[in-house]
Amino acid sequence: MSLITPLALLAAAIVGPAIVAMYLLKLRREERTVSSTFLWQRMVRDVEANAPWQKLRRNLLLLLQLLLMLLLVFALARPYLAAQGISGRNLILIIDHSASMGATDEPPTRLHAARERAYQLIDQLPDGGRATVIAAGGRMEVPAAATSDRRELRRAVEQIQLSNGGGSDLSQALTLAAALAAREEDSEVAIISDGNVILPDNLRVPARVSYFPIGRDTENMAVSAIGLQPGTNGQTLFVQVANYGQAGATRRLDLYLDGAIFNAYNLTIEAGREQSLIIELPPQVEVVEARLNGADAMPADDRAFAVSPATEAATVRLVTAGNRFLETGLSLLPGLKVVSVPAATTTFTETVAQVPVTILDGVTPPELPPGNLLFINPLRSTAYFSVTGTIEFPQVRPASGEDPILRNVSLSEVSVLKAARIVPGNWGRVVVNSDGGPLLVVGEREGRRLAVLSFDLHESDLPLQIAFPLLLSNLMNFLAPGSGAEAAQLAPGQPLSRQVDAAITEVRVTRPDGRTVSSRSGEVQIQAGQAIYADTDALGVYTIEEFAGATLVGRHRYAVNLFAPGESRIATQRDLTIPQTSGASSTVSRERDSRQEFWRLVALIALIVLVVEWLVYQRNGLAYLRERWRQRTGDRQSPLRS
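Below: a short report on this structure. Residue positions within a chain follow its written sequence, with the count starting from 1. It should be noted that, the model being predicted, local features are given only for residues of pLDDT at least 70 and side-chain atom pairs only at 80 or more, the latter also being counted only at that level, while totals for whole chains, interfaces and linings use all residues. Values shown for side chains rest on all heavy atoms present in the structure; no hydrogens or waters enter the calculation.

Note on placement: Arg 498 falls in strand S26 (residues 496-499). When the C-alpha positions of Arg 498 and Leu 479 are compared, they lie 9.7 Å apart, and in sequence the two are 19 residues distant. Labels follow the DSSP assignment, with helices taken as runs of H or I lasting at least four residues and strands as runs of E lasting at least two, numbered in each case from the N terminus.

What follows is the structure, given as structure tokens:
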């Protein structure tokens, strides 16, 4: 135990003798002449008051007042115990709420344990200290900013919910925390997570960073991939199960077709390996569920769904002067109907419903066609981006994170001769970067999905790599969801978007939990020929129904699965390497870092002693009042008895 303000103990040396001196002083009495003091024997002692001092007698009030004084002085000295936690006055609290925090090895979930740890850190804030709460991993949120109200902070922590989408990238949260810490002295950043996160490059935090790990289990198996492809006489199901644990394991995989059990397979998989199944299914099957029997620490990735792809192919308009690589790659993707038009075409009369996607290969018409767009090697600026020059021999560098556009895509051996230097707007996120600027940007603006590949395919070896058809397939899944090779597969949190005709008056979405939302209530938005539903964080099958008046025109299904190896690897990291301006990189919280003050408890005991002292001082008066009450009670009862 230590004291924050030990000089406060000097008050005891001053106040204590003063209290004792008050009991050494004799009472000064007024002199009066009386006939006799025979009946005042107890008062005879006061005759001795003619002298200024008297012998100190045993007195309960003196002891209580000295005890009260000592307790108050001790509270003013602010005693504390060293504990594991924080010590800064400006706390920036980052709580990981990504999918891996839904693991149940810390009952009921890791996120619940993270909330409890956050409450402890909030209680450790010194008086007048402030805190900012940031929910990171997935979509970043700031539920409380720079407040010293502990109830508000606790409410903000309690409101943080699990997010299945967005991965565990802490770059944005740590950048914000660094900016907040730079504005105020004595700041500290606390990260509560399982450590399976992506940290920013080239960031040095101007404050101490403490990491509080959550979780203890390491074993987890997951359904890591599933797909349903139509064939000549039926459909082919592909299922992959991965073991993300550190020991081999055996689980049973159950397959359900349209809700009915179909078959079961016993799988034994070594640590870090996966096992795949290819199964032929009847053509009429619409929904397949793969479910791992038994329990592990993370149930969210034990189930996955696949829906039968749409039978109607989506039309893709290809505006090009001739690109054999692109035409061949598109022709291999099922669910697409490719229509090539000359590069000199400047007028596009088809509606969004007729042609939902247009690829502009090396051309940029003055008036852009409607629908979703893929720009390849743009020659000039548009309303969505600017072209400011060229980049010679750019080094291909995938952006951090697990972007679904780069799923199963390896760009480590791709070389590019020259690329356009593009500056995208706020709508775009950089998927592939280089030292001179972004090479691939995707995003949405005003209901339109956009992708920009800044280099000519003929000036790179990308078309010769296995990454090319995979990247093209992922881009088509993004631009025309429900029509590509992995039809109707969405990542959690990815907006569900579908082209609709002008005749459609209502679009309904039935969620995995059975709740139905509609465009009439505004939860499903229809704009620019697209129906958009953004709340897709829940895992399962979403069903879209399109109505023209009261007539059901079309029904489509989409499956949302986790499929995030970074989230399924649940082994907790015990330290995070984050550079700090002090020169430290480790974020391990030490036992002596925090001060657990308990002056409030001492003050409460002092208050109790004060009440006892008052009762002792007023004991004669209290005895008199008690006697009066007894007498009144007796007077009231006497007439009743008589």
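As a further point, take the pairing of strand S10 (residues 249-257). Paired strands, as defined in this entry, are two strands with at least two bridges between them according to DSSP. Bridge count between S10 and strand S11 (residues 260-269): nine bridges; the pairing is antiparallel. Pairing of Arg 252 across the sheet is with Asn 266, part of S11. Linking S10 to S11, which pair antiparallel, is a turn of two residues; within it Asp 258 sits at a positive phi near 50 degrees. Note that S10 and strand S13 (residues 287-293) share six bridges and pair antiparallel. Counted as the bridge partner of Leu 255 is Ala 290 from S13.

Ring pairs are drawn from Phe, Tyr and Trp, using the six-membered ring of Trp, whenever the two centres fall within 6.5 Å, and their geometry is named by plane angle: stacked under 30 degrees, edge-to-face over 60, tilted for the rest. Enumeration according to the criterion identifies two aromatic pairs in this entry. Criterion for a charge above a ring: Lys NZ or Arg CZ within 6 Å of the ring centre, and within 35 degrees of the ring normal. Note that Arg 154 overlies the ring of Tyr 119, its terminal NZ or CZ placed 4.4 Å from the centroid. Just above the ring of Phe 547 sits the side chain of Arg 508; from NZ or CZ to the centre is 4.2 Å.

What follows covers the packing of helix H1 (residues 10-24) against helix H2 (residues 60-76). Taken N-terminus to C-terminus, the directions of H1 and H2 make an angle of 165 degrees; their axes are 10 Å apart at the nearest point. The angle between H1 and H2 places the two elements in the roughly antiparallel class. Both H1 and H2 take part in a crossing whose hand is right-handed. Contact residues: H1 offers Ala 11, Ala 12, Val 15, Gly 16, Ile 19, Val 20 and Tyr 23, while H2 offers Leu 61, Leu 62, Gln 65, Leu 66, Met 69, Leu 70 and Val 73. Classes in brief: Ala, Val, Leu, Ile, Met, Phe, Trp, Tyr, Cys and Pro nonpolar; Asp, Glu, Lys and Arg charged; the others, Gly included, polar. Tallied by class, the residues present in the contact of H1 with H2 amount to twelve nonpolar, two polar and no charged. Angles here are taken between N-to-C directions and fall from 0 to 180 degrees, while the axes themselves are lines fitted to C-alpha atoms, restricted in helices to the stretch in contact. For classification purposes, angles smaller than 35 degrees are called roughly parallel, those larger than 145 roughly antiparallel, those between 65 and 115 roughly perpendicular, and all remaining angles oblique. Take the far helix as your reference; a near helix turned counterclockwise from it by less than a right angle gives a left-handed crossing, and one turned clockwise gives a right-handed crossing. Only heavy atoms enter the contact rule, under which two residues are in contact if any of them lie within 4.5 Å.

Another aspect to go through is the side chain of Asn 323. Within the element layout of this structure, Asn 323 appears in the loop between strand S15 (314-319) and helix H6 (324-331). Discounting residues that sit within four places of it in the chain, Asn 323 has contacts with Asp 361, Leu 457 and His 458.

Spatially, the four strands line up as an open sheet ordered S11-S10-S13-S14, and their pairing is antiparallel. Since the sheet does not close on itself, it has two edges, and those belong to S11 and strand S14 (303-307), each with one partner. On average, each strand axis in the sheet is tilted by 20 degrees relative to the strand beside it, whichever way the strands run. The pairing of S13 with S14 spans five bridges and is classified as antiparallel. Note on S14: the bridge partner recorded for Arg 291 is Arg 303.

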